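Close look at the chain arrangement
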Amino acid sequence: MLVKAGRIVEDSFTAVADGEDLPDAPVIVSLKRFLAEHDHFLARLQPLGVRLESGESPRELQPYLPKLAVVVLHIPAFRDGRAFSAARLLRTRLGYRNEIRLTGHFLLDQIAFFTRVGVDAFDVAPNISMADIEAALHEISDVYQPSVDGRVTIRDLRARRTTVPPS
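Owing to the predicted nature of the structure, the values given are computational and were not obtained by experimental measurement.

Some points on the side chain of Gln110
Turning to its location among the elements, Gln110 is positioned in the loop between strand E7 (99-104) and helix H3 (111-116). Of note is the side chain of Gln110, whose polar atom sits 2.8 Å from the backbone nitrogen of Leu107. When sequence neighbours within four positions are dropped, the list of residues in contact with Gln110 reads Phe78 and Phe84.

Below you can see the structure in the form of structure tokens.
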């Protein structure tokens, strides 16, 4: 089940294994396959996504990012936090503006934090309810650190309260 912007949406992409034939449809391929066949993939008229495994760097995609519709960050185990860094790197240093999707083993408790660093789509298990996802998305009411989501920090809120308006 794909959740984007707090709603269940239809996934138009097909994940294609290495060596598997490509359908005439939007596809998501591994970084390894993409780098080996990038000219072929970029010449296709269909939207393209690339899946990064936990140890792979988004920097390898830098020259191609404007042409990618989605970057998928796959988490092998919920204890692996490298996807947080990869998402933030994609948004801040590499300037990626399209979809960042999370797949694999992540916890509902992590969804709000992943949203803060730029993840905007989650491939969740079908047994997770929309109520659970809504609760997870709104788990953080106030934030201490600035991040890519642009939320006002507690420090900024305090500064606004102590500022005396001119009379």
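Next comes the rest of the account.
Observations concerning helix H2 (residues 82-92)
Every buried residue of H2 is listed here: Ala83, Ala86, Ala87, Leu89, Leu90 and Arg91. In this fold, the buried residues of H2 make contact with strand E6 (70-75), E7 and H3.

Structural notes on the environment of Ser57
Of note, Ser57 is situated in the loop between strand E5 (48-52) and E6. Judged by relative accessible area, which is 27%, Ser57 ranks as partly exposed. Sequence separation between Ser57 and Leu90 is 33 residues; the distance between their C-alpha atoms is 9.7 Å. Residue contacts for Ser57: discarding those within four places in its chain leaves Leu31 and Leu52. At a separation of 3.1 Å, a polar atom in the side chain of Ser57 contacts the main-chain amide nitrogen of Arg59.

A closer look at the side chain of Arg91
Along the chain, Arg91 turns up in helix H2. Note on Arg91: relative accessible area 10%, which makes it buried. Within the structure, Arg91 has its side chain in polar contact with the backbone oxygen of Tyr96 (distance 2.8 Å). Discounting residues that sit within four places of it in the chain, Arg91 has contacts with Tyr96, Arg97, Asn98, Glu99, Ile100, Val117, Gly118, Asp120 and Val148.

Parameters and conventions
- Residues numbered from 1 in each chain as written.
- Predicted model: local features only at pLDDT ≥ 70, side-chain atom pairs only at ≥ 80, totals over all residues.
- Heavy atoms only, no water.
- Helix = DSSP H or I, 4+ residues; strand = E, 2+ residues; numbered from the N terminus.
- Polar contact = N/O pair within 3.5 Å; in protein donor to acceptor, adjacent residues only side chain to side chain.
- Contact = heavy atoms within 4.5 Å.
- Buried < 20%, exposed > 50% of the residue type's maximum accessible area, 1.4 Å probe, protein only.

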